[in-house]
Amino acid sequence: MKSEPLFYFLTGILFTYFAVHTADDGIWDITTMLFILMATFDFGAGIRSLWKKASRS
């Protein structure tokens, strides 16, 4: 799938945006930490997808 890495990076950016806006009380709030965790997984999946594509070529 050509757009798979792009999808993961865009959702990672979206979750990072949500994390920044929910960090009013501090970054140790549970919702902020969940958004940060999801963004990390999405960026990691996007990087893995790019590496898979590079190794196939």
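Computed from a predicted structure; not experimentally measured.

Trainee: What's the story with the overall build of the chain in this structure? I'm lost.
Mentor: Counting secondary structure elements, the chain contains two helices and zero strands. Compactness check: the chain gives a C-alpha radius of gyration of 13 Å against a globular reference of 10 Å for 57 residues, more than 25% above the reference. Burial statistics for the chain: of 57 residues in total, 18% are counted as buried. Within the chain, residue pairs in contact and separated by at least 24 positions form 62% of the contacts whose partners lie at least 6 positions apart. Averaging the locations of the 5 positively and 5 negatively charged side chains of the chain gives two centres separated by 25 Å.

Trainee: What should I look at first to understand helix H2 (residues 30–56) in this one?
Mentor: In an α-helix, one turn spans 3.6 residues; hence positions three or four apart end up facing the same way. Its 27 residues place the ends of H2 39 Å apart at the C-alpha level, agreeing with the 39 Å of an ideal helix rising 1.5 Å per residue. The set of residues buried in H2 consists of Thr-32, Ala-39, Asp-42, Ala-45, Gly-46 and Ser-49. Residues of H2 that are buried in the fold lie against helix H1 (4–21).

Trainee: How should I be thinking about the packing of aromatic side chains in this particular structure?
Mentor: One pair of aromatic rings is described through two measures. These are the centre distance and the angle between the planes. Counted by the stated rule, this structure contains five aromatic pairs. Consider the rings of Phe-9 and Phe-43, whose centres lie 6.0 Å apart with planes at 40 degrees: the pair is tilted. One end of the pair, Phe-9, is in helix H1; the other, Phe-43, is in helix H2, with 34 residues separating them in the sequence. Its relative accessible area of 26% is what places Phe-9 among the partly exposed residues. We classify Phe-43 as partly exposed; its relative accessible area is 29%. Here the aromatic residues Phe-15, Tyr-17, Phe-18 and Phe-35 are joined through ring pairs into a cluster of three or more.

Trainee: It is not clear to me how the environment of Pro-5 should be interpreted in this structure. Could you clarify?
Mentor: Relative to the elements of secondary structure, Pro-5 occurs in helix H1. Of the residues examined, Pro-5 reaches a relative accessible area of 4% and is grouped as buried. Separated by 46 residues in sequence, Pro-5 and Trp-51 have C-alpha atoms that sit 9.8 Å apart. In this structure Pro-5 touches Gly-46, Ser-49, Leu-50 and Lys-53, once residues within four positions along its chain are discounted.

Conventions used here
Residues numbered from 1 in each chain as written. Predicted model: local features only at pLDDT ≥ 70, side-chain atom pairs only at ≥ 80, totals over all residues. Heavy atoms only, no water. Helix = DSSP H or I, 4+ residues; strand = E, 2+ residues; numbered from the N terminus. Rg over C-alpha atoms; globule rule 2.2 N^0.38 Å. Buried < 20%, exposed > 50% of the residue type's maximum accessible area, 1.4 Å probe, protein only. Contact = heavy atoms within 4.5 Å. Lys, Arg positive; Asp, Glu negative; His and termini not counted. Charge placed at Lys NZ, Arg CZ, Asp CG, Glu CD. Expected span 1.5 Å × (residues − 1). Phe/Tyr/Trp six-rings, centres within 6.5 Å; stacked < 30°, edge-to-face > 60°.

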